[in-house]
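What the coordinates show
The primary structure of each chain is shown beneath.
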Amino acid sequence: HKDDLPNYFLNISNFIENFIYGLSLGVIFTVLAQNIKTEYFTQGNESQTLLIVLIFSSVQISIGEEIVFRGFILGNLRKANINVWNAIFVQAILFTLLHVTRYFGDWISIGFVFISALVAGYITLKQNSLMPAMIMHVCVNLSFVLFMHS
């Protein structure tokens, strides 16, 4: 049934509220991220143009990861009647594992990824929309790209 599936993409009735949630979380996590210094972000590939990096990293990857982790994985965990907090925790662990190779040995960054995944999972379920998590994710990735090229 269509009614049994999470309606994360079709919920536009609260567009402004979802946008504000996502932007607010993005700003908060961006400010927190400014204090995280990793070798990954200080070794930028200067041969790439800033525009390509911004579009690819900040938008495409962020939106794609939100669709997979908060849309598909979290949505299916909830559809399988997994407890809300367990579903949020599982998707956050999986999201963090995806990022461990990038931040291996940098436990502060790994912790940051895990906490942001918990927040993204929570806000996705609370708002019944992927938009806040997508906006938050784009803001965070955009800030890292800008720090990498500054």
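Conventions used here
- Residues numbered from 1 in each chain as written.
- Predicted model: local features only at pLDDT ≥ 70, side-chain atom pairs only at ≥ 80, totals over all residues.
- Heavy atoms only, no water.
- Helix = DSSP H or I, 4+ residues; strand = E, 2+ residues; numbered from the N terminus.
- Areas by Shrake-Rupley, 256 points an atom, 1.4 Å probe, with all protein chains shown as cover.
- Expected span 1.5 Å × (residues − 1).
- Buried < 20%, exposed > 50% of the residue type's maximum accessible area, 1.4 Å probe, protein only.
- Phe/Tyr/Trp six-rings, centres within 6.5 Å; stacked < 30°, edge-to-face > 60°.
- Lys NZ or Arg CZ within 6 Å of the ring centre and 35° of its normal.
- Core = buried A, V, L, I, M, F, W, Y, C linked by side-chain atoms within 4.5 Å.
- Contact = heavy atoms within 4.5 Å.
- Salt bridge = Lys/Arg side-chain N within 4 Å of Asp/Glu carboxyl O.
- Axes fitted to C-alpha atoms, helices over the stretch in contact; angles between N-to-C directions.
- Left-handed = near helix turned anticlockwise from the far one by under 90°.
- Nonpolar A, V, L, I, M, F, W, Y, C, P; charged D, E, K, R; others polar.
- Polar contact = N/O pair within 3.5 Å; in protein donor to acceptor, adjacent residues only side chain to side chain.

1. Details of the overall build of the protein chain
Looking only at helices and strands, the protein chain has six helices and zero strands in total. Secondary structure elements in the protein chain, listed N-terminal to C-terminal, are α-α-α-α-α-α. About 8,700 Å² of surface is accessible on the protein chain, with carbon and sulfur atoms providing 68% of the total.

2. Topic: helix α5 (residues 107–127)
Along an α-helix, a turn takes 3.6 residues, which lines up residues three or four apart on a common side. With 21 residues, α5 should cover 30 Å at 1.5 Å per step; its first-to-last C-alpha distance of 30 Å lies within 8% of that length. Along α5, the residues classified as buried are Ser109, Ile110, Phe112, Val113, Ser116, Ala117, Ala120, Gly121, Ile123, Thr124 and Gln127.

3. Concerning the packing of aromatic side chains
All told, the structure shown has three aromatic pairs when counted by the stated rule. Between Trp85 and Tyr122 the ring centres are 5.7 Å apart and the planes differ by 10 degrees, which places this aromatic pair in the stacked class. Taken together, the residues Trp85 in helix α4 (residues 84–103) and Tyr122 in helix α5 connect sequence positions 37 residues apart. The cationic tip of Arg70 hangs over the ring face of Phe95; the distance from NZ or CZ to the ring centre is 4.4 Å.

4. Some thoughts on the nonpolar core
With twelve residues, the main nonpolar core is built from Phe69, Ile73, Leu74, Leu77, Ala87, Ile88, Ala92, Phe95, Tyr103, Ile110, Val113 and Ala117. Mapped by element, the contributors of at least two residues to this core are α3 (50–79), α4 and α5. At five residues, the largest contribution of residues to this core is made by α4. Setting aside its immediate chain neighbours within four residues, Ala92 contacts Phe114, Ala117 and Leu118.

5. Thoughts on the environment of Ala92
You can see Ala92 is positioned in helix α4. Through-space distance from the C-alpha of Ala92 to that of Ile115 is 7.8 Å; in sequence the pair is 23 residues apart.

6. What to know about the pattern of salt bridges
Throughout the structure, instances matching the rule amount to one salt bridge. Here Glu66 makes a salt bridge to Arg70, at a shortest N to O gap of 2.8 Å. Here the residue Glu66 and the residue Arg70 both occupy positions in helix α3, the gap between them amounting to four residues, near one helical turn. With relative accessibility at 1%, the residue Glu66 sits in the buried group.

7. Here's the deal with the packing of α4 against α5
For the pair α4 and α5, the least separation of the axes is 8 Å and the interaxial angle reads 145 degrees. The element α4 and its partner α5 pack so that their crossing is right-handed. Contacts between α4 and α5 involve Val84, Trp85, Ile88, Phe89, Gln91, Ala92, Ile93, Phe95, Thr96, His99, Val100 and Tyr103 from the first element and Ser109, Ile110, Val113, Phe114, Ala117, Leu118, Gly121, Tyr122 and Leu125 from the second. Broken down by class, the residue content of the contact of α4 with α5 amounts to 16 nonpolar, five polar and no charged.

8. Re α4
Between the first and last C-alpha of α4 there are 28 Å, a value that for 20 residues agrees with the 28 Å anticipated at 1.5 Å per step. Within the sequence span of α4, burial applies to Ala87, Ile88, Gln91, Ala92, Phe95, Thr96, His99 and Tyr103. For α4, the N-terminal capping position is held by Asn83, with its side-chain oxygen 2.8 Å away from the main-chain nitrogen of Trp85. Once α4 finishes, Gly105 follows within two positions and takes phi at roughly 90 degrees, a positive value.

9. A word on the environment of Val140
On the secondary structure map, Val140 appears in helix α6 (residues 131–148). Spatially, the C-alpha atoms of Val140 and Gly26 are 5.9 Å apart, while their sequence positions differ by 114 residues.

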